[in-house]
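Fold and contact review
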Amino acid sequence: MENENIKKKDVAKEKIILFVIGVLLGAVVSTATFFVYVKTLGVNNNSDSSMQTPSGTPPEMPSSENGQNSQNGTPPEKPSESNSESNS
């Protein structure tokens, strides 16, 4: 009778150990898969990351061909309030 109880405990302990090993292996596999995905995604999206310089400053706007924004970098004039009220 004592041997039966020991065998039942051993089987339960083996199942628990097997479950823990499976969870750990699953975590390792999913983490490795995630890192591979991020690494390959970073290689394919270099064109998107080049839109902003490493210093964090946004790129300058290109000057337009008709010369509207090429006045020494000054922005266009803000429309007056009377013009915006008459348009609405």
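What counts, and at which threshold
- Residues numbered from 1 in each chain as written.
- Predicted model: local features only at pLDDT ≥ 70, side-chain atom pairs only at ≥ 80, totals over all residues.
- Heavy atoms only, no water.
- Helix = DSSP H or I, 4+ residues; strand = E, 2+ residues; numbered from the N terminus.
- Buried < 20%, exposed > 50% of the residue type's maximum accessible area, 1.4 Å probe, protein only.
- Areas by Shrake-Rupley, 256 points an atom, 1.4 Å probe, with all protein chains shown as cover.
- Phe/Tyr/Trp six-rings, centres within 6.5 Å; stacked < 30°, edge-to-face > 60°.
- Patch = residues over 30% accessible without salt bridge, like charges linked within 9 Å, V, L, I, M, F, W, Y side chains within 5 Å.
- Salt bridge = Lys/Arg side-chain N within 4 Å of Asp/Glu carboxyl O.
- pLDDT = per-residue confidence, 0-100.

**Remarks on the overall build of the chain**
Tallying secondary structure elements over the chain gives three helices and zero strands in all. Going from the N terminus to the C terminus, the chain shows its helices and strands as α-α-α. For the chain, with 88 residues in total, the buried portion stands at 0%. Counting every atom, the chain has about 8700 Å² of accessible surface; 61% of that belongs to carbon and sulfur.

**Topic: the packing of aromatic side chains**
The full count for this structure, using the stated rule, is one aromatic pair. On the basis of an interplanar angle of 55 degrees and a centroid distance of 6.0 Å, the ring pair of Phe-34 and Phe-35 is categorised as tilted. Each member of the pair, Phe-34 as well as Phe-35, is classed as exposed.

**So, a nonpolar patch on the surface**
Together, Ile-16, Phe-19, Val-20, Val-23 and Leu-24 make up an exposed nonpolar region whose accessible area comes to about 510 Å². Note on placement: Val-23 falls in helix H1 (residues 2-44).

**Brief notes about the confidence of the model for the chain**
Of all residues in the chain, 59% attain a pLDDT of 70 or more, and the chain-wide mean is 75. H1 holds the highest mean pLDDT among the elements of the chain, 88, whereas helix H2 (residues 46-49) holds the lowest, 51.

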